[in-house]
Amino acid sequence: MGGASDARVTAAIILSAAGAALGGLLFGFDTAVISGTTSALQARFGLTDGMLGFTVASALIGTVLGSLVAGAPADRFGRRAVMLTVAICYVVSSLGTGLAGSWITLLAFRFLGGLAIGAASVVTPIYIAEVSPARFRGRLVALNQLNIVTGILIAFLSNYLIAGLAPADTAWRWMFGIVTLPSALFLVVSLLLPESPRWLAIHGRGPQALNVMNRLGFLDPAREIRHIQAAEARVDRTVTQGLFQAAYARPVACAIAIAMFNQLSGINALLYYAPRIFELAGAGTDSALLQSIAIGGTNLIFTILALFLIDRFGRKPLLYMGSILCAAALFLVGYQLESARPDGTLILVGLLGFIAAFAMSQGAVIWVFISEVFPSAVRGKGQALGSTTHWVMAAAITWAFPVFAASVGGWVFAFFGAMMLLQFFWTWKAMPETNGVALEDMDLGSVQA
């Protein structure tokens, strides 16, 4: 193909990936928006620290169930059908939380939003990986992470603006309700996306798959279809492909490990409780919300940087670097919070350093790695396993963080730092490098440590 055709091709693939990645933007927006409402919710509903932790974690509990159940329908009915369902759930959840009249109602709609987030964390990376040629796959799947952090930044910005414009007693409702707007946009975009050509090919719809690949501009669609069908021919469909068997032991262990370490970094504790952490360090409420925007902006900038690094250097080098830098930043924050006179500037530097290192490493790597490490026969189930592990850990840490922060203070950040050092050794000894390996070859011994 010529240069002009390649430009059109690249644009078509990027547009499809970016459209699906709107689910990631909502993932980030809906995840972080509650950070600006915690004090108001605690006052409005008379919540204890434990009840507040459960309120914040209620969406995460939903994500566990959403990620558990999304894989099977995504494999059976298609990636696009699940994305449409997710979009509808986002719209209903954002309206419901904004209008909630009781704590129980709020929990119910946050839980529904969590179901959507969990399902999106499964189906969106799979969809993007399956519409992407191997040469672009890392960057395009990382678009989902870029949209997640963009959503987080938008949530922090909207919280700050709404806190300054809306009456104090209703600002939290507007913070939740504003999520309806991007949710409606995702619903419209999902209606326009093509189905995954790989899903079509393995479900006996070769001509449709060929048509989609031509529209997306794959360089050799016929060869891609033959490759997919050859990989499918190796799978015995008369036998249910169970995930937990010896053949898949390594990708299963790796998906669980990378998902656990992602949350043991403390990332969600920071995103959900950023204003409270800054208040703990002595910042006022307005200043804490503003500093939260700095967290979101840093997250976005370094996620963009990761897009240019992940396919060039691979997945493992990014994790090596991120593990060490995250650990150093977290130890700094923990030390300062435990000192007799905490230095708010050093705490801000430590948190910004952590979020930069995280965004450039496991923040970008996790969803790319999980979406590609499993062979085609169990990719949906494998993605669901990795996502579920991620959300179980996220719910547990988010629920427990207010209690542990109140009892052990800065030592909780020292614990997170120690987990990042442990991640470094896991990456070195156990993690395979998946960069540049075709999805259909993940079961052929092509993945090297």
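Residues numbered from 1 in each chain as written. Predicted model: local features only at pLDDT ≥ 70, side-chain atom pairs only at ≥ 80, totals over all residues. Heavy atoms only, no water.

Visitor: What am I meant to see in the packing of helix 18 (residues 362-373) against helix 19 (residues 379-408) here?
Guide: Working note: a packed helix pair is described by the angle between its axes plus the distance between those axes. Running from amino to carboxyl end, helix 18 crosses helix 19 at an angle of 150 degrees, the nearest separation of the two axes being 8 Å. Judged on the interaxial angle alone, helix 19 and helix 18 are roughly antiparallel. Contact with helix 18, carried on its side by I366, W367, I370 and S371, involves R379, G382, Q383, G386, S387 and H390 of helix 19 and no other residues of that element. When the residues that make up the contact of helix 18 with helix 19 are grouped by side-chain class, the tally is three nonpolar, six polar and one charged. (Axes fitted to C-alpha atoms, helices over the stretch in contact; angles between N-to-C directions. Helix = DSSP H or I, 4+ residues; strand = E, 2+ residues; numbered from the N terminus. Parallel < 35°, antiparallel > 145°, perpendicular 65-115°, else oblique. Contact = heavy atoms within 4.5 Å. Nonpolar A, V, L, I, M, F, W, Y, C, P; charged D, E, K, R; others polar.)

Visitor: So what exactly am I meant to see when it comes to the side chain of K316 here?
Guide: Within the fold, K316 resides in helix 16 (residues 315-338). From its side chain, K316 meets the backbone oxygen of M431 in a polar contact 3.0 Å long. (Polar contact = N/O pair within 3.5 Å; in protein donor to acceptor, adjacent residues only side chain to side chain.)

Visitor: Help me understand the nonpolar core in this model?
Guide: A general trend in soluble globular proteins is that nonpolar side chains are found buried together. Counting residues in hydrophobic clusters, the biggest one holds 135 residues, and the most contacted among them are Y90, I258 and F413. With 13 residues, the single largest contributor to this core is helix 6 (residues 103-131). When neighbours within four sequence positions are excluded, Y90 is seen to be in contact with G23, L26, F27, G113, A116, I117, A120, S183 and F186. (Core = buried A, V, L, I, M, F, W, Y, C linked by side-chain atoms within 4.5 Å. Buried < 20%, exposed > 50% of the residue type's maximum accessible area, 1.4 Å probe, protein only.)

Visitor: What's the story with the packing of helix 7 (residues 137-165) against helix 18 in this structure? I'm lost.
Guide: At a minimum axis distance of 8 Å, the contact between helix 7 and helix 18 shows a crossing angle of 130 degrees. In terms of orientation, helix 7 and helix 18 fall into the oblique class. Note that helix 7 runs across helix 18; the crossing there is right-handed. Touching R137, G138, V141, A142, Q145 and I148 of helix 7 are G363, A364, W367, V368, S371 and E372, all from helix 18. Class assignment for the residues of the contact of helix 7 with helix 18 results in six nonpolar, four polar and two charged. (Left-handed = near helix turned anticlockwise from the far one by under 90°.)

Visitor: Could you clarify how one ought to interpret a nonpolar patch on the surface in this entry?
Guide: Together, V403, F404, V408 and W411 line one region of the surface with nonpolar side chains, adding up to about 410 Å² of accessible area. Of all the elements, helix 19 adds the most residues to the nonpolar patch, at three residues. With respect to the helices, strands and loops of the structure, F404 is situated in helix 19. Judged by its relative accessible area of 46%, F404 is partly exposed. (Patch = residues over 30% accessible without salt bridge, like charges linked within 9 Å, V, L, I, M, F, W, Y side chains within 5 Å. Areas by Shrake-Rupley, 256 points an atom, 1.4 Å probe, with all protein chains shown as cover. Salt bridge = Lys/Arg side-chain N within 4 Å of Asp/Glu carboxyl O.)

Visitor: Help me understand the environment of V368, please; the structure alone is not making it clear to me.
Guide: By secondary structure assignment, the location of V368 is in helix 18. Residues V368 and G138 lie 230 residues apart in sequence; the distance between their C-alpha atoms is 6.1 Å. Non-local contacts of V368, meaning those with residues more than four positions away in its chain, are made with G138, V141, A142, I310 and R315.

Visitor: Looking at this structure, how should I read the environment of G62?
Guide: Mapped onto the elements, G62 comes out in helix 4 (residues 49-77). Not counting chain neighbours up to four residues away, the residues in contact with G62 comprise F111, G114 and L115.

Visitor: I keep staring at the packing of aromatic side chains and nothing clicks. Help me out?
Guide: The geometry of an aromatic ring pair comes down to the distance between the two centres and the angle between the two planes. Taken as a whole and assessed by the stated rule, the structure comprises 11 aromatic pairs. Ring centres of F45 and W172 lie 5.9 Å apart, and the angle between their planes is 70 degrees; this geometry places the pair in the edge-to-face category. Residue F45 is located in helix 3 (residues 38-45), and its partner W172 is located in helix 8 (residues 171-177); the two are separated by 127 residues in the primary sequence. Relative accessible area serves as the criterion here: at 2%, W172 is assigned to the buried category. Between F424 and F425 the ring centres are 5.6 Å apart and the planes differ by 85 degrees, which places this aromatic pair in the edge-to-face class. Exposure remark for F425: the relative accessible area of 46% places this residue in the partly exposed category. The rings of Y320, F424, F425 and W428 are connected pair by pair, giving a single aromatic cluster. If you follow K429 out to its NZ or CZ, it ends over the ring of W428, 4.2 Å from the centre. (Phe/Tyr/Trp six-rings, centres within 6.5 Å; stacked < 30°, edge-to-face > 60°. Lys NZ or Arg CZ within 6 Å of the ring centre and 35° of its normal.)

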